[in-house]
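Given next are the chains, with one letter for each unit.
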Amino acid sequence: MSDSIVLWQAEHVNFATLLDLLEGQLDLFHRGKKPDYEMMLDIMFYMTHYPDVLHHPREDLAFARILELDPNSRAIVDDLTEQHARLKGFGEALVRALENVVNGSITSRDWVEVPGRAYIAEFRNHMLKEETAILPLAAKLLSEADWAAIGAAIQHIDDPLFGPKSEERYASLREQITREARTSQARRLTDA
Ligand SMILES: [Fe+2]
Ligand SMILES: [Fe+2]
């Protein structure tokens, strides 16, 4: 399998981890606890500064090449491309709402909870659709030369959270991810 496909799937696993963390914070509302809004903002800041800036634009180029090679893919390609634009708008609105909660200018949880849950659902559906409908096509149709052309056509940025040189702004989010991973590993060992 191409390294590009392996990276594609690995990034989805990272995004799914963040969506789970975000959902966990929204669930705290229902248990009468205060969520960590700053962590939620870090997650959404990342979503609007890596998936929206590199992952989705790179997919758009891959989709365009798939469409050239397989005109029958038009419906799914159009659908996924449109979802990228929707997720970007949705994510940016959520960042603004969370910034306003953190700086104290809005207090209603509905400003965050309703769009937050909708964003999580839409992003999960989007990744599922890509993994079931387009990744197999990409694996079948795209050559290493296609991936090289896609890589050359896009400005590369390092992943600022999961990459080798992760940014200081995400230090506490990284610690939280590590803690969650340890907790779920311990849970699996206990259940085994
Ligand atoms: Fe996508
Ligand atoms: Fe994706």
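So, how was this worked out
Residues numbered from 1 in each chain as written. Chains lettered and ligands numbered in written order. Predicted model: local features only at pLDDT ≥ 70, side-chain atom pairs only at ≥ 80, totals over all residues. Heavy atoms only, no water. Donors = N, O, S within 2.8 Å, 3.2 Å for Na, K, Ca; no water. Tetrahedral: all angles 85-135°; square planar, octahedral: opposite > 155°, others 65-115°. Helix = DSSP H or I, 4+ residues; strand = E, 2+ residues; numbered from the N terminus. Buried < 20%, exposed > 50% of the residue type's maximum accessible area, 1.4 Å probe, protein only. Axes fitted to C-alpha atoms, helices over the stretch in contact; angles between N-to-C directions. Parallel < 35°, antiparallel > 145°, perpendicular 65-115°, else oblique. Contact = heavy atoms within 4.5 Å. Nonpolar A, V, L, I, M, F, W, Y, C, P; charged D, E, K, R; others polar. pLDDT = per-residue confidence, 0-100. Salt bridge = Lys/Arg side-chain N within 4 Å of Asp/Glu carboxyl O.

What follows is about the coordination of the iron ion (ligand 1). At this site the iron ion (ligand 1) is bound by Glu59 (OE), His84 (NE2), His126 (NE2) and Glu130 (OE), with donor distances of 1.9 to 2.1 Å. Given 4 donor atoms and angles of 85 to 174° at the metal, the environment of the iron ion (ligand 1) is assigned as irregular. Expressed as a motif, the donor residue spacing for the iron ion (ligand 1) is E-x24-H-x41-H-x3-E. Taken as a pair, the iron ion (ligand 1) and the iron ion (ligand 2) show a spacing of 3.2 Å, with Glu59 coordinating each metal. With His84 in helix 4 (residues 74–102) and Glu130 in helix 5 (residues 110–141), this pair connects stretches of sequence that are 46 residues apart. Taking relative accessible area as the criterion, His84 reaches 5% and is therefore assigned buried.

This brings us to the packing of helix 2 (residues 37–49) against helix 3 (residues 51–69). For the pair helix 2 and helix 3, interaxial distance at closest approach is 5 Å and the crossing angle is 45°. In this view, helix 2 runs oblique relative to helix 3, as classed from their interaxial angle. Residues Tyr46, Met47, Thr48 and His49 of helix 2 form the contact with helix 3, whose participating residues are Pro51, Asp52 and Val53. For the contact of helix 2 with helix 3, the class distribution of residues is 4 nonpolar, 2 polar and 1 charged.

Parts of the model with low pLDDT should not have their predicted coordinates read in detail. Mean pLDDT over the chain stands at 94; residues scoring 70 or higher make up 100%. When the elements of the chain are averaged for pLDDT, helix 7 (residues 171–191) gives the smallest value, 88, and helix 3 the largest, 97.

A separate point is the pattern of salt bridges. Summed over all chains, the structure comprises 13 salt bridges. Asp27 is the partner of Arg117 in a salt bridge, and the nearest nitrogen-oxygen pair spans 3.1 Å. Separated by 90 residues along the polypeptide, Arg117 in helix 5 and Asp27 in helix 1 (residues 3–30) bring together distant segments of the chain. With its nearest N and O atoms 3.7 Å apart, the salt bridge here joins Arg74 to Asp78. Of the two residues, Arg74 and Asp78 both sit in helix 4, 4 residues apart, roughly one turn of that helix. The class of Asp78 is partly exposed, set by a relative accessible area of 39%. A single salt-bridge network, built from bridges that share partners, covers Asp20, Glu23 and Arg124.

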